[in-house]
Amino acid sequence: MDERADLLERTKQFSLRVIRLYSALPETTECRVIGKQILRSGTSVGAHVREGKRSRSKAEMISKTEVALQELEETIYWMELLVESGIVKPRRLSELMREADELMAILVTSVKTLKHRTRK
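For the structure given in this document, a descriptive report is provided here.

Calculation criteria
- Residues numbered from 1 in each chain as written.
- Predicted model: local features only at pLDDT ≥ 70, side-chain atom pairs only at ≥ 80, totals over all residues.
- Heavy atoms only, no water.
- Core = buried A, V, L, I, M, F, W, Y, C linked by side-chain atoms within 4.5 Å.
- Buried < 20%, exposed > 50% of the residue type's maximum accessible area, 1.4 Å probe, protein only.
- Helix = DSSP H or I, 4+ residues; strand = E, 2+ residues; numbered from the N terminus.
- Contact = heavy atoms within 4.5 Å.
- Patch = residues over 30% accessible without salt bridge, like charges linked within 9 Å, V, L, I, M, F, W, Y side chains within 5 Å.
- Areas by Shrake-Rupley, 256 points an atom, 1.4 Å probe, with all protein chains shown as cover.
- Salt bridge = Lys/Arg side-chain N within 4 Å of Asp/Glu carboxyl O.
- Lys, Arg positive; Asp, Glu negative; His and termini not counted.
- Charge placed at Lys NZ, Arg CZ, Asp CG, Glu CD.
- Expected span 1.5 Å × (residues − 1).
- Bend = angle between axes of the 7 residues up to and from the residue.
- Axes fitted to C-alpha atoms, helices over the stretch in contact; angles between N-to-C directions.
- Parallel < 35°, antiparallel > 145°, perpendicular 65-115°, else oblique.
- Left-handed = near helix turned anticlockwise from the far one by under 90°.
- Nonpolar A, V, L, I, M, F, W, Y, C, P; charged D, E, K, R; others polar.
- Phe/Tyr/Trp six-rings, centres within 6.5 Å; stacked < 30°, edge-to-face > 60°.

1. Focus on the nonpolar core
One broad trend across soluble globular proteins is that nonpolar side chains are buried collectively.
Right, so step 1: Phe14, Leu72, Met79 and Leu82 are the most contacted members of the largest nonpolar core, which totals 29 residues.
Right, so step 2: For this core, the secondary-structure elements that each account for two or more residues are helix H1 (3–24), helix H2 (29–53), helix H3 (58–84) and helix H4 (90–119).
Right, so step 3: Here the element with the most residues in this core is H3; it accounts for nine residues.
Right, so step 4: Residues within four places of Leu72 in sequence aside, it is in contact with Phe14, Val45, Ala100, Leu103, Met104 and Leu107.

Right, here's the structure in full:
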């Protein structure tokens with residue numbers, strides 16, 4: 001599997017894990033609000049990466065990847081709120097947070113590489 005296909009699969013798996021997290025949240029007002037936010041942002045990461053794959057230009061690919069980064073950053077924020085508010089135990093989100101950090105590093109590197117190639 002090439003790097004791009006691996007990234008597509010990882011972001012899809014990330015989305016599925018976010019869906020399972022959302023489904024497991026308690027049915028309180030706070031959880032419904034935060035849950036919908038994390039569901040929206042967490043599942044859109046992979047969608048933007050996939051859209052970037054089909055881009056018509058490097059500029060469009062950079063833009064889609066940067067949006068995926070923004071959505072990932074927002075997802076991390078909502079996960080932090082779930083933990084820091086005491087709704088979810090830190091150990092329950094540790095693997096998902098680690099994957100979010102790894103995806104963040106991959107996407108940042110991708111944007112830097114794409115921008116560098118575009119300048120040439």
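2. Thoughts on a positive patch on the surface
Right, so step 1: On the surface, Lys12, Arg50, Lys53 and Arg54 cluster together into a patch of positive charge.
Right, so step 2: With respect to the helices, strands and loops of the structure, Arg54 is situated in the loop between H2 and H3.

3. Some thoughts on H2
An α-helical turn contains 3.6 residues, so a residue and the one three or four places further along point in the same direction.
Right, so step 1: Between its first and last C-alpha atoms H2 spans 37 Å; for 25 residues at 1.5 Å apiece the expected length is 36 Å, and the two agree.
Right, so step 2: When the local axis directions of H2 are compared, the greatest deviation, roughly 30°, occurs at Val45.
Right, so step 3: Of all the positions in H2, only Cys31, Ile34, Gly35, Ile38, Ser41, Gly42, Ser44, Val45, Gly46, His48, Val49 and Gly52 are classed as buried.

4. Remarks on the packing of H3 against H4
Right, so step 1: Close contact between H3 and H4 brings their axes to 9 Å; oriented N to C, the two are set at 160°. One element, H3, and the other, H4, form an angle in the roughly antiparallel class. When you trace H3 past H4, the crossing you get is left-handed.

5. A word on the packing of H2 against H3
Right, so step 1: Between H2 and H3, the shortest axis-to-axis distance is 8 Å and the interhelical angle comes to 160°. Taken together, H2 and H3 sit at an angle that is classed as roughly antiparallel. Two packed elements cross with a definite hand, and for H2 against H3 that hand is left-handed.
Right, so step 2: In terms of residue class, the contact of H2 with H3 is built from 11 nonpolar, seven polar and six charged.

6. Some remarks on the packing of aromatic side chains
Right, so step 1: Under the counting rule described, the total for this entry stands at one aromatic pair.
Right, so step 2: Their ring planes at 65° and their centres at 5.1 Å tell us that Tyr77 and Trp78 sit as a pair that is edge-to-face.
Right, so step 3: Owing to a relative accessible area of 15%, Trp78 belongs among the buried residues under this scheme.

7. Overview of the pattern of salt bridges
Right, so step 1: Summed over all chains, the structure comprises eight salt bridges.
Right, so step 2: Linking Glu99 and Arg10 is a salt bridge whose minimum nitrogen-to-oxygen distance equals 2.8 Å. Highlighted residues: Glu99 in helix H4 and Arg10 in helix H1, separated in sequence by 89 residues.
Right, so step 3: Given a relative accessible area of 21%, Arg10 falls into the partly exposed group.
Right, so step 4: As a salt-bridge pair, Arg10 and Glu102 come within 2.7 Å of each other at their nearest N and O atoms. Separated by 92 residues along the polypeptide, Arg10 in helix H1 and Glu102 in helix H4 bring together distant segments of the chain.
Right, so step 5: Through salt bridges with shared partners, a single network forms among Arg10, Glu99 and Glu102.

Read these as layout, nothing more, since geometry by itself doesn't imply function.
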